[in-house]
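Overview (structure and organization)
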Amino acid sequence: MPKAYVFTRYGGPEAEALVEVDRPVPGPGQILVSVRAAGVNPVDWKQRAGYRRPGESGERVFPAVFGAEVSGVVEATGDGVEGFAAGDEVFGNTVAGGYAEYALLPAEVAAHKPAGLSFARAATLPVAAATAYDGVRQLDLPVGATLLVTGAGGGVGAAAVQIARAFGLSVVGVASEGKKDFVEAVGAVHVPSGPGWAERVRAVAPDGVTGVYDLVGGEVLAEAAELLADRTRLITAGAPPEEVARLGGARVARARNAAVLKEVADLVVKGDLDPHITLTFPLDRANDALRTVEDGHARGKVVIEVAR
């Protein structure tokens with residue numbers, strides 16, 4: 001039987017296990033993928049702790065497989081699926097987890113993997129890179145404008161910096177002092193986080209910032225709003241809708257479609273976007289991969305590779 005890394009109940013790492021599961025069967029509009037790689041994201045461990053995505057409803061069924069993004073090879077397709085066939089190399093968002101030997105993808109949120117893109121890099125794109133892309137597109141800043149990214153040292157932040165640069169924007173990135181080299185390497189002017197960070201932004205961007213892409217929330221989001229003349233240019237993926245709405249901004253509106261996946265893949269192939277994979281783990285060490293992200297020690301992306 002195929003294996004999957006799951007959480008058996010809400011709780012901490014003690015609720016995790018590598019188990020044997022039935023091979024999934026694709027339903028209407030779904031494709032079954034033999035997984036080659038799975039991206040690891042903070043939302044994975046947050047779901048084990050009880051977090052529910054905005055709009056997510058219904059009771060969670062246990063055991064629940066970790067993971068929201070994978071790449072792999074199509075094994076089978078469900079009714080109504082067009083454009084995909086067995087043997088196609090694909091990547092996309094998962095229906096119900098991806099730290100596994102097999103995963104289901106909604107065909108509408110899956111895309112063909114370009115030949116020049118590795119399975120590992122493709123697996124990092126559907127969550128962080130696609131979220132970054134959606135946000136930068138939503139802000140729609142003019143070429144030459146200055147974008148402020150808070151939390152610029154994380155997966156979404158680093159992708160947002162690079163995508164913004166590819167669109168002709170200048171970027172100021174707020175992150176810890178320990179991530180200075182990384183933030184500068186992806187193309188932003190680094191500003192250390194912590195008390196007084198907003199004044200440090202004003203010092204490096206004396207003409208002000210045109211837009212803010214927040215990935216932190218809380219007091220950081222509120223302080224970032226004060227840097228803007230136009231609060232409609234404030235978006236967040238780090239705070240609830242009501243929190244940013246009070247400040248005159250909005251949540252990142254996720255497109256969740258194949259077109260965005262194709263766009264971010266093309267950016268990687270062209271060299272405009274580097275997922276910065278810093279660590280890879282085999283499936284039987286999925287616990288170590290998740291701990292690295294949960295403990296906040298990851299710089300760039302962490303990937304689980306599934307051997308075949």
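The rules behind each value
- Residues numbered from 1 in each chain as written.
- Predicted model: local features only at pLDDT ≥ 70, side-chain atom pairs only at ≥ 80, totals over all residues.
- Heavy atoms only, no water.
- Buried < 20%, exposed > 50% of the residue type's maximum accessible area, 1.4 Å probe, protein only.
- Helix = DSSP H or I, 4+ residues; strand = E, 2+ residues; numbered from the N terminus.
- Pairing = 2+ DSSP bridges.

**Points about the pairing of strand β16 (residues 301-305)**
The element β16 is largely enclosed, with a buried count of four among its five residues. Pairing geometry for strand β3 (residues 30-40) and β16, over four bridges, is antiparallel. Each bridged residue has a counterpart across the sheet, and for A38 the counterpart in β16 is I304. Pairing of strand β15 (residues 277-282) with β16 involves five bridges; the strand directions are parallel. Across the sheet, residue T280 finds its bridge partner in β16, namely V303.

**Quick notes on the pairing of strand β6 (residues 89-93)**
Along any regular strand the residues' side chains alternate between the sheet's two faces. In terms of burial, β6 is largely enclosed, as four of its five residues are buried. Taken together, the five bridges between strand β5 (residues 69-77) and β6 define a ladder with antiparallel strand orientation. Pairing of E69 across the sheet is with N93, part of β6. As paired elements, β6 and strand β8 (residues 110-112) share three bridges and run antiparallel to each other. Looking at β8, one finds that V90 is bridged to H112.

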